[in-house]
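Chain and residue survey
For reference, the chains in residue letters:
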Amino acid sequence: MSKLNGDILYLIFKELEDDKMTLISCLSVNKIWCEIIIPIFWNDPWKYLSRGREKLLLEVIISHLSDESRDNLSKYLIKSFKKPLFNYISFCKILNLIEIEKIIYISIDYNFLLDISLLKEEIFNLFINNKAKFTHLYMPYGFNYQIHLIPGAKESFSEIEFLNFNAGIDEKILIGLSEICKSIKKLDFFIQFFVKTNNNDGIIRLIDSQKKLNQVYFELDYDNVDESFCKNLENSLIKHGKTIEYIKIVDQPITNILSYFENLKILEVIGINYNALWDELATVSLPFLQLLNVKNVPINVLTSLIEKTKGYLNEIKIGYIDHDEIDNKRLIRAIYQNCPNLKYLKLLIKDSNIWELEKLLINCKYLDGLFIMTEDHIDWVELFKILTRSSPTSLFKFKFYFSVAPRPEFLKLFFDNWKSRHSMLLYTIPEGEYVTVDIDYCDMIEKYKAEGVIKVYHNSIFGVYFEDFEWIRKKNSN
């Protein structure tokens with residue numbers, strides 16, 4: 001195994017990059033393995049940082065500084081440092097200035113806060129040099145260090161593909177980055193308080209200068225952010241209407257910006273304003289949409305949106321929002337009439353529309369995972385009969401979110417009727433800490449696991465540790 005080609009080993013270890021403990025165990029196998037794994041760890045060192053180990057990471061970073069720089073910092077660096085075995089900094093592709101500031105403040109004695117700027121300056125200069133090539137850049141709230149003026153900044157930032165920043169950042173930094181970074185593909189930014197119109201040229205210029213902008217997540221507090229700025233920002237994004245394929249927003253835009261994203265494939269709307277009507281979303285046509293993830297958007301709006309898609313939707317997540325049986329029926333019908341390639345679905349099923357669910361199961365033949373939310377009353381027996389009778393052969397992953405748990409005998413019926421099908425992955429989510437599953441569940445679940453009816457079962461309040469369409473918990477990387 002140790003003689004495997006280095007490129008093959010790299011691909012193997014790259015597949016394990018989310019499994020920190022396995023990678024650590026491989027470090028000591030031999031020198032070749034170590035030399036391959038270290039760059040993987042240090043591509044994004046902040047990803048593997050565990051709580052309580054911030055000071056250790058800071059010490060490793062400081063060990064890269066020149067003797068002169070460490071002498072300059074000696075007044076609050078009590079420990080002496082040996083030069084590292086590897087130039088770890090050179091492997092870093094993801095520059096997270098948020099994490100750098102965090103580990104500094106956590107690790108350094110607050111008696112020396114007056115000198116903290118010197119330490120930050122030394123570390124920023126250490127990372128940003130003419131040999132570094134970063135792909136990702138994160139900048140903290142209120143950031144004002146002029147990183148674009150550091151010698152080597154042009155080389156370090158010219159290949160940035162992802163940029164994340166928050167409100168209050170010095171606009172001179174954004175203007176400087178707009179002249180360096182021309183190939184940003186994904187842009188995340190958050191502006192959550194009043195912003196003066198004459199302080200936002202940097203954001204607009206940064207967006208305008210991009211040639212490959214593909215994904216955008218912007219969070220604006222429309223109630224408190226200057227309206228003219230919001231319009232200018234949205235108009236700037238509209239210029240990239242043909243290239244943007246992913247957008248995530250949290251509030252209803254001022255302009256009809258969504259109508260310009262003719263090639264949009266992924267739309268996420270996490271509505272924070274419960275009273276928003278989302279009129280534009282009801283009229284916009286997104287024919288190539290593949291993934292729809294929404295919260296707090298009126299059901300009639302979502303129905304209209306889905307009806308205007310052209311069959312490419314393969315994942316739909318609709319968070320709970322109050323609506324009546326008629327709107328629920330229209331939504332389910334819109335899905336099975338317009339989404340033949342659907343693979344994953346999360347939505348509320350009202351008791352009166354269980355039969356519409358059966359039509360959906362028949363029409364959506366590629367369904368792989370189903371997340372059903374229920375209300376106080378649901379006919380579990382009929383629901384389970386429909387699932388066993390009409391689910392496509394591809395469907396074996398289920399989540400049930402409920403305020404009243406199904407009785408054990410209802411589940412037994414479900415499991416008995418499922419015996420000839422693919423072993424299921426099952427996740428039950430009681431609504432709130434006072435909703436419990438029957439004690440008989442445990443023995444029954446184990447019985448059907450032994451028989452191969454159930455492969456994996458989890459029960460968790462509020463679905464903690466799992467994504468909506470995740471049925472097997474990922475390994476803890478810490």
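See the structure above.
What counts as what
Residues numbered from 1 in each chain as written. Predicted model: local features only at pLDDT ≥ 70, side-chain atom pairs only at ≥ 80, totals over all residues. Heavy atoms only, no water. Axes fitted to C-alpha atoms, helices over the stretch in contact; angles between N-to-C directions. Helix = DSSP H or I, 4+ residues; strand = E, 2+ residues; numbered from the N terminus. Parallel < 35°, antiparallel > 145°, perpendicular 65-115°, else oblique. Contact = heavy atoms within 4.5 Å. Nonpolar A, V, L, I, M, F, W, Y, C, P; charged D, E, K, R; others polar. Buried < 20%, exposed > 50% of the residue type's maximum accessible area, 1.4 Å probe, protein only. Right-handed = clockwise from strand over helix to strand, strands pointing away. Pairing = 2+ DSSP bridges. Patch = residues over 30% accessible without salt bridge, like charges linked within 9 Å, V, L, I, M, F, W, Y side chains within 5 Å. Areas by Shrake-Rupley, 256 points an atom, 1.4 Å probe, with all protein chains shown as cover. Salt bridge = Lys/Arg side-chain N within 4 Å of Asp/Glu carboxyl O. Lys, Arg positive; Asp, Glu negative; His and termini not counted. Charge placed at Lys NZ, Arg CZ, Asp CG, Glu CD. Phe/Tyr/Trp six-rings, centres within 6.5 Å; stacked < 30°, edge-to-face > 60°. Lys NZ or Arg CZ within 6 Å of the ring centre and 35° of its normal.

Here's the deal with the packing of helix H10 (residues 201-208) against helix H11 (residues 227-238)
Where H10 meets H11, the closest approach of the two axes is 9 Å, and the angle between their N-to-C directions is 10 degrees. One element, H10, and the other, H11, form an angle in the roughly parallel class. Where H10 approaches H11, its residues Ile203, Ile204, Ile207 and Asp208 are matched on the opposing element by Phe229, Asn232, Leu233, Ser236 and Leu237. Along the lines of polarity and charge, the residues of the contact of H10 with H11 split into 6 nonpolar, 2 polar and 1 charged.

Quick look at the pairing of strand E12 (residues 397-402)
Of all 6 residues that make up E12, 5 are buried, and the element is covered over most of its length. Note on the crossover from strand E11 (residues 369-373) through helix H16 (residues 380-390) to E12: the handedness is right-handed. When E12 meets strand E13 (residues 424-430), the two strands line up parallel, connected through 6 bridges. Note that in E13 the partner of Phe398 across the bridge is Leu426. Handedness of the crossover is the feature at issue here: the chain leaves E12, passes through helix H17 (residues 408-417), returns alongside E13, and the resulting connection is right-handed.

Looking at unusual backbone geometry
With a phi angle near 55 degrees, Trp278 is a residue other than glycine that sits in the positive phi range. Note that Trp278 resides in the loop between strand E7 (266-270) and helix H12 (279-283). One non-glycine residue, Asn296, lies in positive phi territory at about 60 degrees. Within the secondary structure layout, Asn296 lies in the loop between strand E8 (291-295) and helix H13 (299-307).

Thoughts on a positive patch on the surface
A cluster of like positive charges, contributed by Lys182, Lys185, Lys211 and Lys212, occupies part of the molecular surface. Here Lys185 is to be found in the loop between helix H9 (171-180) and strand E4 (186-191).

Comments concerning the pattern of salt bridges
Under the definition given, this model contains 24 salt bridges. With a shortest N-O distance of 2.9 Å, Asp368 and Lys397 are connected by a salt bridge. One end of the pair, Asp368, is in the loop between helix H15 (354-363) and E11; the other, Lys397, is in strand E12, with 29 residues separating them in the sequence. Each member of the pair, Asp368 together with Lys397, is buried. Glu409 is paired through a salt bridge with Arg407; the nearest N and O atoms lie 2.5 Å apart. For Glu409, a relative accessible area of 40% gives the class partly exposed. Residues joined in a network through salt bridges with shared partners are Lys412, Asp416, Lys419, Lys447 and Glu451.

Thoughts on the packing of aromatic side chains
Tallied over the entire structure, the rule returns 26 aromatic pairs. Positioned over the ring face of Tyr217 is Lys248, at 4.6 Å from the centre of the ring. Taking the ring centre of Tyr448 as reference, the NZ or CZ of Lys447 above it sits at 4.2 Å.

Notes on the environment of Phe124
Within the secondary structure layout, Phe124 lies in helix H7 (residues 116-127). On a C-alpha basis, the gap between Phe124 and Ile100 in space is 8.8 Å, while along the polypeptide they are 24 residues apart. Contact partners of Phe124, with chain neighbours within four places excluded, come to Leu97, Ile100, Glu101, Phe143, Tyr145 and Ile150.

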